[in-house]
Structure formats: structure tokens, C-alpha cells
Amino acid sequence: MRTAIVHYWLVGMRGGEKVLEGLCELYPDADIFTHVVVPEAISPRLAEHTIRTSFIANLPRAHVMYKKYLPLMPLALEHLDLRDYDLIISSESGPAKGIIPPPGALHVCYCHSPMRYIWNMYHDYRASAGRITRLSMPFMAHYLRNWDQTSAARVDKFVANSRNVADRIRKYYRRDAAVVHPPVDVDAFSAVPAPEVGDHYLMVGELVRYKRPDLAVSAFNATGRKLVVIGGGEMLSELRGLAGPNVEIMGPQPFEVLRFHYAHCRALIFPGEEDFGIVPVEAMASGRPVIAYDRGGATETVVDGSTGVLFQEQTVEGLNAAVERLEASVFDPAQIAFHARQFSRSQFKQQMQDAVRAAFATQRGEREAYAVAPARPRLRAAGELPPFAVEAQAGLSPRAARS
């Protein structure tokens with residue numbers, strides 16, 4: 001069975017690329033198709049595969065300006081030649097599922113989210129965009145929404161990374177989706193003895209607006225508690241200007257530094273709404289509780305009062321009230337780490353394999369049902385009389401004619 005995996009772009013190793021690694025472990029001979037790739041920015045595991053790019057990769061400065069070419073990506077996807085493949089798995093968050101699958105192939109879409117910038121977060125993205133982008137977005141988004149809904153019909157089976165995303169798929173595409181949580185390398189993290197846990201809190205992730213790092217910094221500025229922020233992104237300089245003396249903005253850090261802070265922090269702060277959220281699971285795999293906004297994927301990973309604290313209002317007061325509640329609670333690191341294991345890489349691979357097998361079984365059943373379906377009534381030739389007219393001409397009733 002020849003397998004193709006279609007991923008939106010390969011310019012770094014974030015959550016979507018970790019899922020792609022898991023898919024590549026399941027299908028080690030798969031070819032990868034993407035719009036643009038930065039070879040030095042991907043893992044050796046992905047680099048082992050044959051990687052083919054769309055024509056977007058040949059456009060000027062595509063490796064850094066790929067998002068500017070978003071309106072061309074539907075056309076680029078439909079130009080990809082996938083005739084030689086039996087199984088196609090699209091990894092969807094940016095445009096990826098809109099390929100044209102061959103008639104006999106199975107197309108499974110693992111959906112991180114329907115494109116946020118044209119659906120659930122359209123108004124947020126437009127409000128923070130530059131003047132020219134803000135003016136052009138309504139026209140571009142309208143075109144992309146129509147194409148996005150149409151291309152959903154090319155998918156045989158949707159798999160969502162969370163119940164939260166499955167609800168969006170049902171809302172925007174009118175399709176049901178199985179839920180398979182993303183793979184988390186829980187074995188890479190471990191807890192430390194209680195005396196080694198520090199007094200600082202931790203926030204980890206790309207520093208972009210929808211993740212609300214500004215809320216975390218402002219909340220800890222107000223109380224004077226220690227906060228360490230790890231990650232890079234468009235808000236890095238802004239946050240360094242906002243941070244008080246009790247807040248350390250470390251920027252991007254190597255894995256060993258991240259692993260250390262996960263294990264030694266008082267708790268992880270997760271103030272944004274995510275589709276799923278791998279970072280809270282990594283913190284819990286390190287035995288540390290999580291303070292998370294009670295929306296999105298965090299509601300499926302953080303158990304309020306057991307592995308962390310959920311807060312309802314995305315405000316400084318709401319977050320600090322959750323910190324006070326956590327300070328007054330006792331959490332069992334072993335129980336937290338055990339809870340995180342249900343999101344392991346092995347669980348992902350088993351559940352994803354089951355989902356693909358079920359999709360193949362459904363496809364096979366539909367083909368068999370079609371093959372044994374009754375033939376449609378024969379079309380009469382021009383001038384040929386229907387049976388009841390022949391009977392009438394012979395002066396027979398329908399019953400007499402049949403006898």
C-alpha cells in the first residue's frame with residue numbers, strides 16, 4: 001500500500017509536526033507532500049522521508065513569506081499528482097486536505113483545526129492585521145471558506161485532535177469526526193522530589209496574541225509572584241517591555257532547559273484557548289499541575305482539582321484567583337504524571353491505526369453494497385410502449401396479462 005501524507009508547511013517543529021512524526025512512524029515508507037520546506041528546521045525523522053513540494057516553494061522568498069501565498073494554496077494542492085497512492089492522510093490546519101484523491105484511494109484527514117483565520121478566529125486575526133491585509137481579508141476569506149467547505153467533500157474520514165475540534169468540524173463542514181488526541185512524548189519528562197520544586201510559575205509556548213502571554217505577565221506583575229516565560233514569537237519584545245522584575249522572559253530555549261523548568265516550576269500557566277494543547281500534557285508528565293483557561297483542548301486534558309485548576313474569566317483577576325486556589329490545594333505529582341500517560345505516542349499510533357482501518361472497512365463495505373445494489377430500470381427505446389399500454393392494446397387487464 002503506497003501512502004502519501006500531506007502537511008500544510010514544514011518550517012519548524014511545533015505540535016502539528018509532532019503529529020506528522022507520529023504518522024511517519026506508523027507509515028515509515030510514506031512520501032510527504034507540503035507547500036514549502038525548510039530542511040534545517042525539521043527533525044531527522046521527517047528528513048528521512050521523500051518530501052515533495054507544491055509550486056508555492058518556487059515563489060519568491062516562500063520559505064519565510066509562505067503565509068502571504070495563502071490564496072494560491074488551493075490551486076497548488078489541486079496540482080499535486082497523487083495517482084500512485086492508495087492511502088492519503090492530510091494533516092490539516094492550514095490548507096492541506098484540498099488535494100484531488102484518485103478514485104480508488106482512501107483520504108483520511110487528521111484535523112488540528114479548520115483554518116482558524118477564516119473560521120472561528122477570523123475577527124481576531126483581522127483586528128490584529130495590518131491595514132492592507134485588513135481590507136483584503138473579507139474577500140480572500142470568503143473565497144477560501146467556499147473552497148474549504150467544498151474540499152471537505154473530498155475527505156472520506158475526518159479525525160479530530162480533540163472533541164473541541166470535532167465540534168468545529170461538525171459546525172463548519174457538517175461532518176462527524178473520530179477523536180484521536182495528538183502524540184505527546186511523555187517518557188521524555190519526569191517528576192523531581194518535592195524539596196526540589198521551586199517557587200516560580202512557568203509559561204511555555206509561541207508568544208502570539210491568541211495564546212495570551214500578555215495576560216500571564218500582567219497577572220504576575222500585579223501580585224509580584226515569580227513567572228518564567230519560555231518561547232519566541234511576534235510578542236517577545238513587547239512582553240520584555242511589559243514584564244516587571246519578578247517576570248523573566250527567557251525567549252526560545254533548548255529542550256533540556258525546558259525539561260528542567262517543567263519539573264521544577266510551581267505550576268504551568270496556560271491562559272489561552274487552544275485546539276488541544278501539548279504543553280499542559282508535557283507539564284503534567286513532569287508531575288506539575290496546570291492552571292488553564294476553561295476553554296478548548298485544556299478541558300480535555302486538565303482535571304480541575306486533581307491535575308490542576310481551570311479558570312472561567314480570561315482576566316487578570318480570574319487568573320490570579322486560580323493561582324490563589326492552587327496555592328491552597330495539594331496535588332499528587334505521581335497521580336498527575338499517570339494521568340498524562342493516556343496521551344502518549346503509543347496511544348496515538350494505536351488509535352490512529354484503528355481509525356484508518358475503520359475507514360478502509362467502511363469504504364470496502366460501501367463498494368460491496370454498491371456492487372450488489374439492484375440495477376436501475378432499463379430505459380425504453382424511442383417509440384417503445386410501457387407495459388401497461390401493451391396490456392391495454394391487447395384488451396387485457398394488468399392481472400390477466402400477468403397470468
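Parameters and conventions
- Residues numbered from 1 in each chain as written.
- Predicted model: local features only at pLDDT ≥ 70, side-chain atom pairs only at ≥ 80, totals over all residues.
- Heavy atoms only, no water.
- Helix = DSSP H or I, 4+ residues; strand = E, 2+ residues; numbered from the N terminus.
- Expected span 1.5 Å × (residues − 1).
- Buried < 20%, exposed > 50% of the residue type's maximum accessible area, 1.4 Å probe, protein only.
- Contact = heavy atoms within 4.5 Å.
- Salt bridge = Lys/Arg side-chain N within 4 Å of Asp/Glu carboxyl O.
- Core = buried A, V, L, I, M, F, W, Y, C linked by side-chain atoms within 4.5 Å.
- Pairing = 2+ DSSP bridges.
- Axes fitted to C-alpha atoms, helices over the stretch in contact; angles between N-to-C directions.

A. Structural context of helix α1 (residues 15–26). When the terminal C-alpha atoms of α1 are compared, their 17 Å separation across 12 residues agrees well with the 16 Å that a helix rising 1.5 Å per residue should span. The buried count for α1 comes to nine of 12 residues, which makes it a mostly enclosed element. Taken residue by residue, α1 has Gly16, Glu17, Val19, Leu20, Glu21, Gly22, Leu23, Cys24 and Leu26 as its buried positions. In this fold, the buried residues of α1 make contact with β1 (3–7), β2 (31–34), α2 (44–47), β4 (87–92), β5 (106–111) and α15 (345–371).

B. Spotlight on the environment of Val192. Assignment of secondary structure puts Val192 in the loop between β7 (177–179) and β8 (201–204). Taking the C-alpha atoms as reference points, Val192 and Tyr262, separated by 70 residues in sequence, lie 9.9 Å from one another. Those residues in contact with Val192, other than ones at most four positions away along the chain, are Val197, Ala263 and His264.

C. Region of the structure containing the pattern of salt bridges. If you walk through the whole model with that rule in mind, you get 24 salt bridges. Linking Arg345 and Glu25 is a salt bridge whose minimum nitrogen-to-oxygen distance equals 2.6 Å. On the criterion of sequence distance, the pair formed by Arg345 in helix α15 and Glu25 in helix α1 is long-range, its members being 320 residues apart. Look at Glu25 and you get partly exposed, because its relative accessible area is 27%. Arg52 serves as the salt-bridge partner of Asp31, at 4.0 Å between the closest nitrogen and oxygen. One end of the pair, Asp31, is in strand β2; the other, Arg52, is in strand β3 (residues 51–53), and 21 residues separate them in sequence. The buried category is assigned to Asp31, whose relative accessible area is 8%. According to the relative accessible area criterion, Arg52 is partly exposed, its value standing at 39%. One network of salt bridges, with partners in common, ties together Glu21, Glu25, Arg45, Arg345 and Lys349.

D. How the structure looks around the nonpolar core. Membership of the largest hydrophobic core comes to 55 residues, with the highest contact counts inside it found for Tyr201, Leu227, Tyr262, Ile269 and Ile291. With 43 residues, the next largest nonpolar core counts Trp9, Ala96, Met115 and Tyr172 among its residues.

E. Representation of the sheet that holds β7. Strand order in this open sheet of seven strands is β3-β2-β1-β4-β5-β6-β7, and the pairing throughout is parallel. Unpaired on one side and paired on the other, β3 and β7 mark the two borders of the sheet. This sheet shows a mean twist of 25 degrees between the axes of neighbouring strands, independent of strand direction. Here β1 runs beside β4; their pairing, made up of five bridges, is parallel. If you follow His7 over to β4, its bridge partner there is Ser91.

F. Spotlight on the pairing of β4. A large share of β4 lies buried, amounting to six of its six residues. Taking every second residue as pointing to the same face, both faces of β4 are buried, with Leu87, Ile89 and Ser91 on one and Ile88, Ser90 and Glu92 on the other.

G. Main features of the side chain of His261. By the element assignment, His261 lies in helix α10 (residues 255–264). Those residues in contact with His261 that sit more than four places away from it in its chain are His200, Leu202, Val228, Ile230 and Met250.

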